[in-house]
Amino acid sequence: MAGRTERGHRCVPHTADVRIEAWAPSREECVAEAVTALVDTFADTSGARTLADREYRPPAGEDDEDLLVGVLDEVIFRMDTAGELPVRTEVADEGGPVVRWRTATTDDVELVGAVPKAVALHELRFGPDGPGWSCAVTFDV
């Protein structure tokens, strides 16, 4: 992924779990792209009606990997407890990261894969990569 300046993601083969890679020009955009990659591993949101705007402010002072894991864990938590998934994600730095989601209910999406249970810390990678940022994350399913 080195040298990429565009934004994107992909699912990569991994034994018994789900692994994604994401990249974007900035740290915040890479976190947002990782959220999209996570949701894309198990849900088709293309026909979902968006119902709510949500905001999440990760704890201040987290390092880059903790930020990424915290945001992804929050997506899984909200799916499990509130039955909602992000259809669109934006992350901004406003004196600290702020995550804004446009969400749909899990009833309005089509499941197309194994639903993640948690972020695995094994082989987690997140940081600058050439002119942009990239990450690789494994999810327990």
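Relevant structure appears above.
Residues numbered from 1 in each chain as written. Predicted model: local features only at pLDDT ≥ 70, side-chain atom pairs only at ≥ 80, totals over all residues. Heavy atoms only, no water.

A. Inspection of unusual backbone geometry at higher detail. Of note, the phi angle at Glu-123 is positive, near 60 degrees, even though the residue is not glycine. Positionally, Glu-123 belongs in strand β8 (residues 118-129). Using a relative accessible area of 44% as the deciding quantity, one classes Glu-123 as partly exposed. (Helix = DSSP H or I, 4+ residues; strand = E, 2+ residues; numbered from the N terminus. Buried < 20%, exposed > 50% of the residue type's maximum accessible area, 1.4 Å probe, protein only.)

B. Expanded view of the pairing of strand β1 (residues 8-12). Of the pairings in the sheet, the one linking β1 to strand β2 (residues 18-24) comprises five bridges and is antiparallel in character. Residue pairing in the sheet places Cys-11 in a bridge with Ile-20 of β2. From the end of β1 to the start of β2, which pair antiparallel, there are five residues, and Ala-16 there has a positive phi angle of about 65 degrees. (Pairing = 2+ DSSP bridges.)

C. Structural detail: the sheet that holds β8. Strand order in the open sheet made by the four strands is β1-β2-β9-β8, with antiparallel pairing throughout. At either margin of the open sheet sits one strand with a lone partner, and together these are β1 and β8. Adjacent strand axes in the sheet meet at a mean angle of 15 degrees, parallel and antiparallel pairs treated alike. Where β2 lies against strand β9 (residues 132-140), seven bridges are found, and the strand directions are antiparallel. Its bridge partner being in β9, Ala-22 is matched across the sheet by Cys-135. Sheet contacts for helix α1 (residues 27-40): β1, β2, β8 and β9; angle to β2, the most-contacted strand, approximately 150 degrees. (Axes fitted to C-alpha atoms, helices over the stretch in contact; angles between N-to-C directions. Contact = heavy atoms within 4.5 Å.)

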